[in-house]
Amino acid sequence: MPSVCGFTYGKNLVRLNYPIVESIRSILPICDEFVFLCGKSEDGTRDLIQSIDPRIQIHDSEWVPITAGGEVFRIEGNKSLQLAEKTKCDWGMFLFADEVIHEKELPTLRATMDEYASTPGVKALMHRVLQFSFDYQSIDTWMFRKVCRPMKLDGTVEFYGDGCGPGLKGGHPKHDYFNKEQLGNYVRWANTRLFHYGWVKSPEELATKFEWIKELYWGQQNKQQQESNLKRRFGPAFTSKYYALKNYRDTHPATMAARIAAHPQIDPRRNRWFSPRFYWECLNHGLKL
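Residues numbered from 1 in each chain as written. Predicted model: local features only at pLDDT ≥ 70, side-chain atom pairs only at ≥ 80, totals over all residues. Heavy atoms only, no water.

Draft legend 1. Region of the structure containing the overall build of the chain. Check the secondary structure of the chain and you find nine helices and 12 strands. Seen through its principal axes, the chain has C-alpha atoms that stretch 50 × 40 × 40 Å. When contacts within the chain are restricted to residue pairs at least 6 apart in sequence, those whose partners lie at least 24 apart make up 73%. Here the chain has roughly 13800 Å² of accessible surface; of this, 53% comes from carbon and sulfur atoms. Side chains of the chain carry 39 positive and 34 negative charges; the gap between the two charge centres is 6 Å. (Helix = DSSP H or I, 4+ residues; strand = E, 2+ residues; numbered from the N terminus. Contact = heavy atoms within 4.5 Å. Areas by Shrake-Rupley, 256 points an atom, 1.4 Å probe, with all protein chains shown as cover. Lys, Arg positive; Asp, Glu negative; His and termini not counted. Charge placed at Lys NZ, Arg CZ, Asp CG, Glu CD.)

Draft legend 2. Broad picture of a nonpolar patch on the surface. A cluster of nonpolar side chains, namely Trp-273, Phe-274, Tyr-279, Leu-287 and Leu-289, defines an oily patch on the protein surface of about 560 Å² accessible area. Along the chain, Leu-289 turns up in the segment after helix H9 (276–285). (Patch = residues over 30% accessible without salt bridge, like charges linked within 9 Å, V, L, I, M, F, W, Y side chains within 5 Å. Salt bridge = Lys/Arg side-chain N within 4 Å of Asp/Glu carboxyl O.)

Draft legend 3. Up close: the packing of helix H5 (residues 203–217) against helix H6 (residues 223–234). It is at 11 Å that the axes of H5 and H6 come closest, and there the two elements cross at 125°. Relative to H6, the element H5 is oriented oblique. Relative to H6, H5 is oriented so that their crossing is right-handed. Mapping the contact onto sequence places Phe-210, Ile-213 and Lys-214 in H5 and Gln-226, Glu-227, Leu-230 and Phe-234 in H6. (Axes fitted to C-alpha atoms, helices over the stretch in contact; angles between N-to-C directions. Parallel < 35°, antiparallel > 145°, perpendicular 65-115°, else oblique. Left-handed = near helix turned anticlockwise from the far one by under 90°.)

Draft legend 4. Region of the structure containing the packing of aromatic side chains. Counting across every chain of the model gives 24 aromatic pairs. Pairing Tyr-9 with Phe-96 gives two aromatic rings, centres 6.1 Å apart and planes at 75°, and the pair type is edge-to-face. Of the two residues, Tyr-9 sits in strand S1 (residues 4–10) while Phe-96 sits in the loop between strand S4 (91–94) and strand S5 (99–101), which places them 87 residues apart along the sequence. The same class applies to Tyr-9 and to Phe-96, which are both buried. Arranged with centres 5.3 Å apart and planes meeting at 85°, the rings of Tyr-242 and Tyr-243 form a pair that is edge-to-face. Feature note: the residues Phe-7, Tyr-9, Trp-63, Phe-73, Phe-94, Phe-96, Phe-159, Trp-212 and Tyr-217 constitute an aromatic cluster, connected by ring pairs. We note Arg-269 situated over the ring of Tyr-242; from NZ or CZ to the ring centre the distance is 4.5 Å. (Phe/Tyr/Trp six-rings, centres within 6.5 Å; stacked < 30°, edge-to-face > 60°. Buried < 20%, exposed > 50% of the residue type's maximum accessible area, 1.4 Å probe, protein only. Lys NZ or Arg CZ within 6 Å of the ring centre and 35° of its normal.)

Draft legend 5. Representation of the side chain of Gln-131 in the model. Within the secondary structure, Gln-131 is located in strand S6 (residues 124–133). On the accessibility criterion, Gln-131 (1% relative accessible area) is buried. A distance of 2.9 Å separates a polar side-chain atom of Gln-131 from the backbone oxygen of Phe-144. Within polar-contact distance, the side chain of Gln-131 engages the side chain of His-196 at 2.5 Å. Beyond its immediate stretch of four places on either side in the chain, Gln-131 contacts Ser-138, Ile-139, Asp-140, Met-143, Phe-144 and His-196. (Polar contact = N/O pair within 3.5 Å; in protein donor to acceptor, adjacent residues only side chain to side chain.)

These figures come from the coordinates and say nothing about function on their own.
As structure tokens, this is what we get:
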């Protein structure tokens, strides 16, 4: 059977309250090895990762002081990818610290990896993404819905943009990651869902995340420009979008059970088909079911 190395990176994940423990535990059952690249942290992130499982190999990293476009995520992603390649495993299974795989879908994911391991032209597998926002019962269907996470560790791929996904080496550093146009060529469906919880946060946690975004994406702008971007992207238009979100009624990954139970309850929402905000979103961004 082809071997699998799980890998990811991060820093200050305790302070940001990311579900990194739940994320790593969700894919460990299909991993032969696991690599974590730990940025210099002041909140015990390294100790937390070390406590998860003795199989995890922790490497330390100093993040470069780049404060525009989230480019540092591409850099750290490629550094963690290089560490995974050194394990000589066939596949790399990457997850961001706020992404989780459902345990019921692990056999399918592993079978798809096995199926395409000996197909040199297939470089990555694509998940369908469930984008949760505000709480664990609300899905934002206007955020990105397809992304590659499993990738071949054969030295032919690297991360692009702000580390949002891999693509073939040698492309444009800003945007040449795999997308749905590569399906049937370099990419195949993983036939599994990716649960993304990055926007499920309390108001206080969202404020902390916004400050981090300002630093790593707009750090070269003046304060007025930063505040303008923050208001445009995450102001009232962002918070009021809650009433246009889709209700989720299926199960979550088992590793998320305790976190979900502890999350503060948000006021019940009517079906989005009865919300004027839903139709406003459709007019501006299209109908996304």
